[in-house]
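# Close look at the chain arrangement
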Amino acid sequence: MDVLKGKSVLKKHSIVEGKALVVKDLIAFWAGIDWESGDIVEVAHSGRGQNVTGKILVFPAGKGGAGETFGYYYLYRNSKAPLALLCNTVQATTVAGAVICGTPMIYGFEKNILEVIKTGDHIRVNSQKGEIEIFKEYSM
Amino acid sequence: MYLNKHQQQMLDGKHGRGSQKAMEILHAMGEAREAKKMVEISYAHLMPPDVMFFPFGRQGKWGQELMRDLIQDIDHLSVPATIEPKFVDLNIAKQLEFSEDEIQEMNQIMESAVSFYEKLGVIPTYSALPFFVYPGKLNQHISIAESISILWYNTMFGSRCERDDGVISLSAAITGCVPEVGMHITQNRHAKVIVKIKDELEVNNFADSDFDALSLAISRRTKEKIPVISNFPLSVGKSYTKLKHLLATIAVESGLPLLHMVGITPEAPTLEIALGSHHKVEEILIGEQEIREAYDIACTARENHIDYVLLGCPHVTMQEFMEIIKIIDGKKVHPNVKFIISTTKLFRDTASDMGYLDILKKAGVIITDSMCIAFAGTRVKGTIATNSIKGAFFYSGFDQTKASPVWFGSTKECTHAAIEGKWIGGGKYGCS
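Model, not experiment: these values are computed from the prediction. (Residues numbered from 1 in each chain as written. Chains lettered and ligands numbered in written order. Predicted model: local features only at pLDDT ≥ 70, side-chain atom pairs only at ≥ 80, totals over all residues.)

### Re the overall build of chain A
The helix and strand inventory of chain A stands at 3 helices and 10 strands. Secondary structure elements of chain A, listed N to C terminal, follow the sequence β-β-β-β-β-β-α-β-α-β-α-β-β. Against the compact-globule benchmark of 14 Å for 140 residues, chain A has a radius of gyration of 13 Å, which places it among compact chains. For the C-alpha atoms alone, the extent of chain A along its principal axes is close to 35 × 30 × 25 Å. (Helix = DSSP H or I, 4+ residues; strand = E, 2+ residues; numbered from the N terminus. Rg over C-alpha atoms; globule rule 2.2 N^0.38 Å.)

As structure tokens, then:
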């Protein structure tokens, strides 16, 4: 098990755990993800066809129009949001989505999380400590 | 995070529930980003979801609910504010395939939101290009919710704004402050990657859509790192239209708030200054192959047949009007095509004074203003031609069962397509 520390968006006590979905490209929650299904739909996106719902979503950073926050909020209101957001780089509209919807989000880790975490790994996200525990798929 | 007395009073609810909610959100944003304090802003550009973001059906109600706490007892804003386009001009909503029920619902949700913001004293720009109404100043802190404008204010004026969304920008306008993070801090504004344009690209002869393609090519390589373009010809900085095409695309495709252009933008008089403390940064080369690849990504259509030509993401400029007029004067839009041009009120009035609107109407072009053609155009069934990769991004995104195939090319190519009823192409790097 690896433990990584980053900066937590939600400071309150919250621990969630689930399966990681690692996406190498930037993610746009407005138009890049279908808020009806939770599928990544962006053309020429490496994660196209994957579903983010209920996942620990691991991605470099958010992108898209400034409506990205509303895209995330609509996804959340439709019960299709990820369980937690883990990013390398902080992007304001993604943070706003996490703040408004109360989704655990940690960013700015000491290592590149896209290399450390693999899709299918089991992740425990501790918001208060700003810490994630990574249980490799094969060890579960 | 430090709050001054007035900010603390707002957080404690001493100025009402709306400003308390606004300060709670900004405070949470500041804590999330480890801000030391708030910074005072002098201007905000608003993006209310109940005005702009599909204001009907479930998401229409969600948008209203999201804003309800914030606006419940607000009767003024702390700073001057402008506002984003409306979702759709209800007069043409039917032509964009919205049902009567949806139009009625939008009329209720959108118009009540619009009248609320106008009563607050918001300048009714209904524009994604508010800098034509409210230009920025160097080092001025502001809050902008519109991706191209965030980029424009930071890049072209050297003003300071984060990528704020609709909730944050309204909270900022209510309280008059934002957390001091990201682009508000000098050292975060330096470039982290150098972009070099290969000599084989004749940027001076670029069609407008070539700037979109260049911008997509840059975005896909620099990702979340602020780039500096080291060898752009200075002519790029002299054309609002070229800049619009360049900045609109990178804003959506990279999620960046800022881009430097050496000799063009105020914080990049030299490459060294743009890079600040960053040394030995990666250098990315963009040439013909990268531009062609960007066109291939943006063009998702396979058949030449065209149903819609949608121009105006962001709004059609005077230069674009002129290009369209040159081609369409005396001709007619093909009977199977709906050609819709979306601009701002300002440009529409100017185009009218110049006699352009008469020519366009005679040709069968539908002209509208103050609406978001990128969002409102996502409903149509059939193949869309557009001169905007930002538009193409929205038309081919969202719900895949409703996504439209897109031809992406220059304003000229789109105008020819509208007349012929099919995509001909002809651009140097583009799709055909």
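### As for the sheet that holds strand E9 (residues 282-286) of chain B
Residue and element names in this part refer to chain B. Spatial strand order, E8-E7-E6-E9: 4 strands in an open sheet with parallel pairing. Each of the sheet's edge strands pairs with one partner strand only, and the pair in question is strand E8 (260-261) and E9. Two strands pair when backbone bridges link them, and strand E6 (residues 193-197) and strand E7 (residues 227-229) are joined in this way by 3 bridges, in the parallel orientation. For isoleucine 194, the partnering residue across the bridge sits in E7 and is valine 228. Those strands touched by helix H8 (residues 208-222) are E6, E7 and E9, and its axis lies near 150° from that of E9. (Pairing = 2+ DSSP bridges. Contact = placed C-beta atoms within 7 Å. Axes fitted to C-alpha atoms, helices over the stretch in contact; angles between N-to-C directions.)

### Re the domain arrangement of chain B
Residue and element names in this part refer to chain B. Here the domain parsing of chain B yields domain 1 (5-186), domain 2 (190-296) and domain 3 (299-420). One C-alpha centre belongs to domain 2, the other to domain 3, and the line joining them spans 26 Å. Each partner contributes residues to the interface: domain 2 has 13 residues there, and domain 3 has 15 residues. Of all the elements in the fold, those that place two or more residues in the side of domain 2 that touches domain 3 are H8, helix H9 (240-254) and helix H11 (288-298). No other element matches H9, which puts 6 residues into the side of domain 2 that touches domain 3. Considered class by class, the residues forming the side of domain 2 that touches domain 3 number 6 nonpolar, 3 polar and 4 charged. (Domains from an automatic or database assignment. Nonpolar A, V, L, I, M, F, W, Y, C, P; charged D, E, K, R; others polar.)

### A closer look at the sheet that holds strand E4 (residues 143-144) of chain B
Residues and elements named next belong to chain B. What the 3 strands build is an open sheet, ordered E3-E2-E4; its pairing is parallel. Looking at strand neighbours, the two that pair on one side only are strand E3 (81-83) and E4, the edges of this open sheet. Relative to E4, strand E2 (residues 44-46) is paired through 2 bridges, and the arrangement is parallel. Bridge pairing links histidine 45 to isoleucine 144 in E4.

### Section: the pairing of strand E7 (residues 84-87) of chain A
Within a regular strand, the side chains alternate between the two sheet faces. Residue and element names in this part refer to chain A. Residues Ala84 and Leu86 line one face of E7 and the alternating positions Leu85 and Cys87 line the opposite face, and both faces are buried. Bridge analysis of strand E5 (residues 56-59) against E7 gives 4 bridges, and the strand direction is parallel. Looking at the pairing, valine 58 lines up with leucine 86 of E7. (Buried ≥ 20, exposed ≤ 12 C-beta atoms within 10 Å, placed from the backbone.)

### Some points on the nonpolar core
If you look at the biggest cluster of nonpolar residues, it comprises 197 residues, and the most contacted ones within it are Val58 of chain A together with Phe87 and Val309 of chain B. Among all residues touching phenylalanine 87 of chain B, those that are not within four sequence positions of it are Val51, Met52, Phe53, Phe54, Pro55, Met106, Met110, Met371, Cys372, Phe375 and Ala376 of chain B. (Core = buried A, V, L, I, M, F, W, Y, C linked by C-beta atoms within 7 Å.)

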